[in-house]
Amino acid sequence: MSPDLYDDPEFYDLLHAGYRDDLAFYRGLADDHGGPVLELGAGSGRVTLALAQAGHAVLAVEPSPAMRARGAARLAAAGCGERVTWIDADMRALDLEATVPLAIAPFHALMHLPTLDDQDAALRAVNRHLGPGGAFATDVFVPRFGAAGTAGAAGAAGAPGAVRAERLGDGDLFVWQTDDAANQVVVTEHRWDRVADDGGLLRRRASLRQRYFHRFELERALRAAGFARVRTFGGFGRAPVTQTATSWVFLAHV
Ligand SMILES: C[S@@+](CC[C@H](N)C(=O)[O-])C[C@H]1O[C@@H](n2cnc3c(N)ncnc32)[C@H](O)[C@@H]1O
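Residues numbered from 1 in each chain as written. Predicted model: local features only at pLDDT ≥ 70, side-chain atom pairs only at ≥ 80, totals over all residues. Heavy atoms only, no water.

## Comments concerning the site of the ligand
At step 1: Near the ligand, the surroundings consist of 16 residues, among which Tyr12, Gly41, Arg46, Glu62 and Met91 are the closest.
At step 2: Tyr12 is positioned such that a nitrogen or oxygen atom in its side chain is 2.6 Å from an oxygen atom of the ligand.
At step 3: In this structure, Gly41 approaches the ligand through a main-chain N or O atom, which is 2.8 Å from a nitrogen atom. (Near = heavy atom within 4 Å. Polar contact = N/O pair within 3.5 Å; in protein donor to acceptor, adjacent residues only side chain to side chain.)

Written out as structure tokens, the structure is:
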């Protein structure tokens, strides 16, 4: 079993350094609703930084000490650390005694809630922290397995068993997935190999386990948690859901 990806934030950032598809969407919501923005699963601060640089205050909830430390360092290095409050908490048990106009769970953070009880608890907690007219936005991968050549649930490796290989930084990245369809769980394995100065092989390994949602399952869960208006888009440009969408983006209001 490989180490959890969130125990190696440096590797996490290497893997996602080029991913910016969601930043304009979440920043736009923050501009519309104002702050502070409650960010669930803030990780190493990828979205947090974009929000803080746009002038927004962020309550950044992140339970992984390693990810939180890297996020705080990133925000401080960018000179906007004072706009962000890092909170060591689990979104399922969030109790901040504060309400916000906007909560977000970017980059599939909800896919780390394995059971229905976990999901219900987290969505109810989000709902409780929103003031009147408040909004919640999140995104999840579209589960799509089986057909060769299609993107996998994590948009990563394609059909189960297929290995995606690509050059990343000064190494070679290999990614593959296993799909436990009965339990809606996908595990993504990452290996990154590079040649060390002495000619030896340096390998980084990490594993990511995610519980995937189907579209109407998450819409119903949002309704059950008290959200009145739930909209689903086929991407961050707010296009309608289509067969080819790789992410579903959910926007719900209290
Ligand atoms: C895919 S990462 C997203 C990180 C960051 N938002 C980004 O866009 O790069 C998901 C994050 O959710 C965090 N997470 C997992 N379970 C959580 C929970 N129960 N409550 C809050 N955060 C959680 C993980 O530690 C991880 O940092």
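The discussion continues.
## As for the domain arrangement of the protein
At step 1: Each domain of the protein was delimited in the assignment, giving domain 1 (18-142 + 214-253) and domain 2 (144-212).
At step 2: Here the C-alpha centroids of domain 1 and domain 2 sit 25 Å apart.
At step 3: Taken together, the contact between domain 1 and domain 2 spans 15 residues of the former and 11 residues of the latter.
At step 4: Interface area, domain 1 with domain 2, both sides summed: about 1000 Å², of which 46% is carbon and sulfur.
At step 5: Summed over the three residues of domain 1 that lose the most area to domain 2, namely Met111, Phe141 and Val142, the buried surface amounts to 47% of that side.
At step 6: Between the two partners, domain 1 and domain 2, sit one salt bridge.
At step 7: A salt bridge links Arg211 to Glu217, with the shortest nitrogen-to-oxygen separation between them at 2.9 Å.
At step 8: Taken together, domain 1 and domain 2 are joined by four residue pairs in polar contact (both at pLDDT 80 or more).
At step 9: Here the residues of the side of domain 1 that touches domain 2 sort into seven nonpolar, seven polar and one charged. (Domains from an automatic or database assignment. Contact = heavy atoms within 4.5 Å. Buried area = accessible area lost by both parts, 1.4 Å probe. Salt bridge = Lys/Arg side-chain N within 4 Å of Asp/Glu carboxyl O. Nonpolar A, V, L, I, M, F, W, Y, C, P; charged D, E, K, R; others polar.)

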